[in-house]
Amino acid sequence: MEMTEGQRAAEQSQVEWLTADQVESWLSVTRLLIWLPWSLDQQLQRDANLGMVEYQVLAKLSESPGRTMRMSALGFVTNVSLSRLSHLVKRLEARGLVRREPDPADGRFTNAILTDKGFQTLAEAAPGHVAHVRSLVIDVLSPEQLRRLGLAADRIMSRIDRA
């Protein structure tokens, strides 16, 4: 059902518009959301031939028991759709970094498993990635600013519906 002009006007009058200072802060956050992932991705592509999401997949697998996760769980923790994750893991498989196998506990599910080559690739990529993260975020903030940034990020994440 389409809104009438009067309904749209009533809805707009109920909006609590941002102040100039809030707009300025919000625009700073949006620039960060756009440029930080881009910069991290560029560094990983240049130094390790990995995209940011590929790095995240390898890292999550490396932290999992047996370097193994169900594809559905891996998709959830990396915020990647199962379709996109399937294509991404297929590319990682072609490079010998990951393999897929049916879950022995329930064959309806598929596990992604980090190979030794994948672990080695991640281990080689990690120092440069950490150095870049340090240069962009960690080292430009005081310990208190970094703590507050983490708390603010956690508060925002608690409001995001990931369902």
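As the structure is a prediction and not an experimental result, all values here were calculated from the model.

Undergrad: Can you break down the packing of aromatic side chains residue by residue, with the values?
TA: A complete count under the given rule lists 1 aromatic pair for this structure. Centroid distance W35 to W38: 5.4 Å. Interplanar angle 80°. Geometry classified as edge-to-face. Remark: W38 and W35 occur in helix 2 (residues 20–48); sequence separation between them is 3 residues, near one turn of the helix. In this structure, R67 is placed above the aromatic ring of F119, and the distance from its NZ or CZ to the ring centre is 3.8 Å.

Undergrad: So what's going on with the pattern of salt bridges? Which residues, and what values?
TA: Tallied over the entire structure, the rule returns 11 salt bridges. Residues D47 and R46 are paired through a salt bridge, measuring 3.1 Å at the closest nitrogen-oxygen approach. Exposure remark for D47: the relative accessible area of 49% places this residue in the partly exposed category. Among the residues examined, R46 registers a relative accessible area of 60% and is labelled exposed. Between R148 and E144 there is a salt bridge whose closest N-O contact spans 2.8 Å. Of this pair, R148 and E144 both sit in helix 7 (residues 143–159), 4 residues apart, roughly one helical turn. Take R148: its relative accessible area is 54%, and that puts it in the exposed class. Classification of E144 as partly exposed rests on a relative accessible area of 34%. Here the salt bridges do not stand alone but share partners, grouping E144, R147 and R148 into one network.

Cut-offs used in this document
- Residues numbered from 1 in each chain as written.
- Predicted model: local features only at pLDDT ≥ 70, side-chain atom pairs only at ≥ 80, totals over all residues.
- Heavy atoms only, no water.
- Phe/Tyr/Trp six-rings, centres within 6.5 Å; stacked < 30°, edge-to-face > 60°.
- Helix = DSSP H or I, 4+ residues; strand = E, 2+ residues; numbered from the N terminus.
- Lys NZ or Arg CZ within 6 Å of the ring centre and 35° of its normal.
- Salt bridge = Lys/Arg side-chain N within 4 Å of Asp/Glu carboxyl O.
- Buried < 20%, exposed > 50% of the residue type's maximum accessible area, 1.4 Å probe, protein only.

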